Amino acid sequence: MDKKKGIRKKIEVQNKLGLHARPAAIFVQTANRFKSDIEVIKGRQKVNGKSIMGIMTLAAGLGASIILHVSGDDQEAAMEELARLFENNFGEEANRPS
Amino acid sequence: MMTLKGIGVSPGFAVGKAFVRHSDDPFVVAPRAITEAEISREIARFEDALTRTRAEILGIRKKILNQIGRESSDIFNAHLMILEDRTLIEDVIALVKERGVSCEYAFSTILQRYFQAFAQIDDEYLKERISDIKDIGRRLLNNLYGEREDLGALKERGIVISHDLSPSDTAMMDKNNVLAFVTEIGGPTSHTAILGRSMEIPAVVGVDHVTSKIKTGDRVIVDGTHGLLIADPDEQTIQEYTRKEQHFIEVTTELDKLRDLPAQTLDGKRISLGANIEFHDEIPSVIAHGAEGIGLYRTEYFYMNRSDLPGEEEQYRAYKQVAERIFPHSVIVRTLDLGGDKFLSLLDVPHEMNPFLGCRAIRFCLTRIDIFKVQLRAILRASAHGKIKIMYPMISSISEIRQATEILTECKEELKKEGVPFDAAMEVGAMIEIPSAAITSDALAKEVDFFSIGTNDLIQYTLAVDRVNEKIAYLYEPTHPAILSLIRLVVVNAHRQKKWVGTCGEMSGDPAIAVLLLGLDIDEISTSPFVVPKVKKAIRAVRYTDAQAIAHQALKFHTGAEVKRFIDAEVNLIAKDLLAEE
């Protein structure tokens, strides 16, 4: 096991669909391109970021606050890519809570 | 070779290919244990099913993409990701390894966990995703099971193996192709049992996990006579059962020739031979087996599996139909016999410590006169359309008969006032199944037109033997001297009052016991439709005077086993081939 502590980042879900369906799929596909372990934490729930089923059980909808925890050799690159997905609202039309 | 035990509910033998249909809910998978050596094979099977399912979805996605467009095909990307979800796959494989269970079971167990997790999430969108997962799960399970087909796809002759059979299932299938039925759930009065008997094909119910132990296409043997299913039989066993099957068919064909002949002894004594039924669907079987009427029409069926009470009109129509179809013979309608092991959920009856000794049958009806009267009125109205007799179950004393008769008289007066026709002379009988009723049958005989001895319960109550407790099954002896004495007593007491006596238990299915009952001067025997020809053959094979002599002797023994040995030997002597088929 990698002894690296990993990096954490707090993110607010701002895309309309939340971390559901297509966004969830994009997130998981992206996560799977990296070797690092990726965890997504919401409240007391922690799931494997490479598992679509896990991400779906998180039910992170619009406005939810989550923490990404990435640890491994490519952790910096992975975090950068994943965070960017949220910043771009997973390619949806930019959406702000109204 | 592996023998699975169940309950034989329709006799006969069948050798053939299994046609397995799994539960309607594909995610209800019976656990199947695997050995350590099978684990790697099981995991390979799972991986293989994943690959095949993936190929299927890719195919569908391509089709949708071409025909409809990108947006609609996106959903299949999510499906593919579920299939490729390492957490899911690893959880399944871990369960297979740790618990030594089949991958179908492991997969469905893991999926159930997700369903539960999703169901708790307060998000409509996500709840709907359950259907996506179910869709993909169903596909994967289909691939795991191999051929998983609807009963409608039963294109060649085979043995139907299913978790359960519903009327709609059986409506779909081509019955000419069914050699036998085997189900995981159900009892002697389940739909499968009734269907098996009316179609005259072997049926076994209550075989645990049979749908996960047998695969479609497997060669199996069904023994409906003894309640067995033999998986992967060797050649010798197949030959043995093929012979048994042929013999059974020969015997049945031979027995069918008796259909239109009376149940009459060699020296001209004739008794009435009826059939016991629960559903009016069984009437064709009653007629086909040459029964002279219905000696026991159970009416609990109307009250079970529903959320309301059956009305007078509904019951009237059913009783009328039976009476008309069985005419010119008669039908004996037994009033509601709820309690014991069958009770109405809708009545909110309190749990009892000893339900077989509790508020059941006539006891229940006398506390719920409102429910009882609906049935009595329906039976009375139907009596205008044929020959109907009525009998009360679980009579333990004369006061119950009197109370019931009072209520019946009340119903008659109501109908008279309303100008509704009924048979004013309808015979009324008491079931004799409690020792106290048998012992006081001299007094009871004055209150009724006939007795029907319910031997199943009479044995249970007299010998204090729970019929469904396997541990004490050896104590359940129909030929116990106490039983013979009680039957004899009831017959003598009834005949003294010029009343007739029937029996409606299963014991008459044994030819030697049928002869014994004849010798005890029973006037009527009623039994399952398919047993009727056997009883008729026994009656026709003996002289009444011989049967009387046998009964006379039989009453002198001190144990049930001695009685049984004696009657078997005697019957064997006077009618050699009667017992040969047993």
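Residues numbered from 1 in each chain as written. Chains lettered and ligands numbered in written order. Predicted model: local features only at pLDDT ≥ 70, side-chain atom pairs only at ≥ 80, totals over all residues.

On a plain count of helices and strands, chain B comes out with 22 helices and 16 strands. For chain B, the residues scored as buried account for 42% of the 582 residues in total. Contacts in chain B between residues at least 24 apart in sequence constitute 68% of all its contacts with a sequence separation of at least 6. (Helix = DSSP H or I, 4+ residues; strand = E, 2+ residues; numbered from the N terminus. Buried ≥ 20, exposed ≤ 12 C-beta atoms within 10 Å, placed from the backbone. Contact = placed C-beta atoms within 7 Å.)

Summing up its helical and strand segments, chain A has three helices and four strands in all. Across the 98 residues that make up chain A, the buried fraction comes to 37%. Counted over contacts in chain A with a minimum sequence separation of 6, partners at least 24 positions apart contribute 73%.

Turning to the sheet that holds strand 2 (residues 37-42) of chain A, a few remarks are in order. Adjacent strands of a sheet pair through backbone hydrogen bonds, lying either parallel or antiparallel. All names here are of chain A. Spatially, 1-4-2-3 is the arrangement adopted by the four strands of the open sheet, whose pairing is antiparallel. Taken across any chain shown, the strands that pair with only one partner, and hence form the sheet edges, are strand 1 (7-12) and strand 3 (45-48). On average, each strand axis in the sheet is tilted by 25° relative to the strand beside it, whichever way the strands run. (Pairing = 2+ DSSP bridges. Axes fitted to C-alpha atoms, helices over the stretch in contact; angles between N-to-C directions.)

This next bit is on the pairing of strand 16 (residues 524-527) of chain B. Residue and element names in this part refer to chain B. Burial along strand 16 is two-sided: Glu 524 and Ser 526 facing one way and Ile 525 and Thr 527 facing the other are all buried. Bridge count for strand 9 (residues 272-277) against strand 16 is four bridges, and the pairing is parallel. Residue pairing across strands places Ala 275 opposite Thr 527, the latter belonging to strand 16. The pairing of strand 15 (residues 500-503) with strand 16 spans two bridges and is parallel. Note that in strand 16 the partner of Thr 503 across the bridge is Ile 525.

Attention now goes to the pairing of strand 13 (residues 428-432) of chain B. All names here are of chain B. The element strand 13 is extensively covered by neighbouring structure, given that four of its five residues are classed as buried. In the sheet, strand 12 (residues 387-392) pairs with strand 13 via three bridges, with the strands oriented parallel. Across the sheet, Met 391 pairs through a bridge with Gly 429, a residue of strand 13. Pairing analysis gives four bridges linking strand 13 to strand 14 (residues 450-453), with the strands arranged parallel. Note that in strand 14 the partner of Ile 432 across the bridge is Ile 453.

Residues and elements named next belong to chain B. Pairing is mixed in the open sheet, where eight strands are placed in the order 1-8-7-3-4-5-6-2. Each end of this open sheet is capped by a strand with a single partner; those strands are strand 1 (2-5) and strand 2 (7-10). On average, each strand axis in the sheet is inclined to that of its neighbour by 30°, with strand direction left out of account.

Here we take up the nonpolar core. Ile 294, Tyr 319, Ala 430, Val 490, Val 515 and Leu 516 of chain B are the most contacted members of the largest nonpolar core, which has 95 residues in total. Each of domain 3 (298-426) and domain 4 (435-577) of chain B contributes no fewer than three residues to this core. When near neighbours in sequence (up to four residues on either side) are disregarded, Val 490 of chain B contacts Ile 432, Ala 438, Ser 441, Phe 451, Ile 453 and Val 501 of chain B. Val 13 and Ala 24 of chain A together with Leu 83 and Phe 107 of chain B belong to the second largest nonpolar core, which has 47 residues in total. (Core = buried A, V, L, I, M, F, W, Y, C linked by C-beta atoms within 7 Å. Domains from an automatic or database assignment.)

A separate point is the environment of Ile 7 of chain B. Residues and elements named next belong to chain B. Structurally, Ile 7 can be placed in strand 2. Assessed through the 17 C-beta atoms surrounding it within 10 Å, Ile 7 is described here as partly exposed. For the pair Ile 7 and Val 182, spaced 175 residues apart in sequence, the C-alpha to C-alpha distance is 9.6 Å.

All names here are of chain B. As a packed pair, helix 17 (residues 455-463) and helix 18 (residues 481-496) sit with axes 10 Å apart at the nearest point and diverge in direction by 120°. On the basis of the axis angle, helix 17 is oblique to helix 18. By crossing handedness, the relation of helix 17 to helix 18 is classed as right-handed. Residues Leu 458, Ile 459, Thr 462 and Leu 463 of helix 17 form the contact with helix 18, whose own contacting residues are Ala 482, Ile 483 and Leu 486. Partitioning the contact of helix 17 with helix 18 into residue classes produces six nonpolar, one polar and no charged. (Parallel < 35°, antiparallel > 145°, perpendicular 65-115°, else oblique. Left-handed = near helix turned anticlockwise from the far one by under 90°. Nonpolar A, V, L, I, M, F, W, Y, C, P; charged D, E, K, R; others polar.)

Next up on the list: the confidence of the model for chain B. Caution is warranted with low-pLDDT regions, since their predicted coordinates should not be read in detail. Per-chain confidence: chain B averages 87 in pLDDT, with 90% of residues scoring 70 or above. If you check the scores for this complex, the pTM reads 0.64 and the ipTM reads 0.79. (pLDDT = per-residue confidence, 0-100.)

On to the interface of chain A and chain B. Counting residues at the interface gives 15 residues for chain A and 17 residues for chain B. Counting residues per element, the ones that place at least two in the side of chain A that touches chain B are helix 1 (21-32) and helix 2 (52-58) of chain A. A total of five residues in the side of chain A that touches chain B trace back to one element, the largest contributor, which is helix 2 of chain A. When the residues that make up the side of chain A that touches chain B are grouped by side-chain class, the tally is seven nonpolar, six polar and two charged.

Okay, the environment of Ser 10 of chain B next. Residue and element names in this part refer to chain B. Mapped onto the fold, Ser 10 is located in strand 2. Judged by local crowding, Ser 10 falls into the buried class, with 26 C-beta atoms found within 10 Å. With near-sequence residues (within four places) excluded, Ser 10 lies in contact with Ala 193, Gly 196, Arg 197, Ile 201, Pro 202, Ala 203 and Gly 224.

Further remarks concern unusual backbone geometry. What you tend to see is this: most non-glycine residues have negative phi, and most peptide bonds are trans. Note that the residue after Phe 327 of chain B, namely Pro 328 of chain B, is joined by a cis bond; omega there is 10°. Position of Pro 328 of chain B among the secondary structure elements: in the loop between helix 11 (312-326) and strand 11 (330-334). Of note, Asn 89 of chain A is a non-glycine position whose phi angle comes to about 55°, a positive value. Within the fold, Asn 89 of chain A resides in the segment after helix 3 (75-87). Using a count of 17 C-beta atoms within 10 Å as the deciding quantity, one classes Asn 89 of chain A as partly exposed. The phi dihedral of Lys 498 of chain B is positive, around 60°, even though this residue is not glycine. Summarising the element assignment, Lys 498 of chain B is placed in the loop between helix 18 and strand 15.

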